[in-house]
Amino acid sequence: MAITRERKEELVAQYLDLLEKSNGFVIVQYGGLGVSKVDGMRNAVRKADGYYAVTKNTLFTKALQQYGWNVPDDLLKGPTAVAFGLENFPGVAKAVLDYSEDREVEGKLVIKGGMMVGDIINPAQVEAVSKLPTLDELRAQLAGLVVAPAEGIVNVIYGATGQVVNVIQAYLDDKNGDAA
């Protein structure tokens, strides 16, 4: 079914908007997947703060060129979908990788590669990105780094006051011992 010129322009604009908002994307080939499995992938990516779109290869290529990125033609052949990492690209890459390893999906959903910060990445690099900490995990690690020095200071003060109390108690015990 042919689509109108206006619809093509809308799709290119939508792809450009997604490229602008994303910090990376994964390209997958999804041949042989039923609607429920595609919806499952869409939901998995959404939970990871991403957006999953079945793309028109020529229109997505046009959007990439307008954005200033060139993707090899072999990445955009066949039934293609793109998982955009809107806030959390490592989390989206992990969601795609985990979903592609599902028993019912395995072999029907193939990770072809992607882009991150304007660089083309291969499937092995997508897997490596999926192992990076998510934004929330990084925030927790930073909070731990900020809290650790303060915790150390509290422990030193607590230890010092404990020693002062012990010295005073020993003095009082010694004084009471002399009075008896």
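Now for a quick tour of the structure. From a predicted model like this one, the values you see are computed outputs, not experimental measurements.

About the criteria used
- Residues numbered from 1 in each chain as written.
- Predicted model: local features only at pLDDT ≥ 70, side-chain atom pairs only at ≥ 80, totals over all residues.
- Heavy atoms only, no water.
- Salt bridge = Lys/Arg side-chain N within 4 Å of Asp/Glu carboxyl O.
- Helix = DSSP H or I, 4+ residues; strand = E, 2+ residues; numbered from the N terminus.
- Buried < 20%, exposed > 50% of the residue type's maximum accessible area, 1.4 Å probe, protein only.
- Core = buried A, V, L, I, M, F, W, Y, C linked by side-chain atoms within 4.5 Å.
- Contact = heavy atoms within 4.5 Å.

## What about the pattern of salt bridges?
Taken as a whole and assessed by the stated rule, the structure comprises six salt bridges. As a salt-bridge pair, Asp17 and Lys21 come within 3.1 Å of each other at their nearest N and O atoms. With Asp17 and Lys21 both in helix α1 (residues 5-21) and four residues apart, this pair spans about one turn of that helix. Owing to a relative accessible area of 37%, Asp17 belongs among the partly exposed residues under this scheme. Taking the shortest distance from any N to any O, the salt bridge between Lys94 and Asp98 comes out at 3.3 Å. Here Asp98 and Lys94 lie together in helix α4 (residues 89-100), a separation of four residues that amounts to about one turn. Residue classification places Lys94 among the partly exposed positions, given a relative accessible area of 40%.

## Notes on the nonpolar core
One finds Val26, Val28, Tyr52, Val96 and Leu109 to be the most contacted residues of the largest nonpolar core, which totals 24 residues. The set of elements that each furnish at least two residues to this core consists of β1 (25-29), α2 (35-47), β3 (80-85), α4 and α5 (123-130). Looking at which element gives the most residues to this core, the answer is α4, with seven residues. Excluding residues within four positions of it along the chain, Val96 makes contact with Val26, Val28, Met41, Val45, Ala83 and Ile111. With 19 residues, the next largest nonpolar core counts Leu19, Ala63, Val71 and Met115 among its residues.

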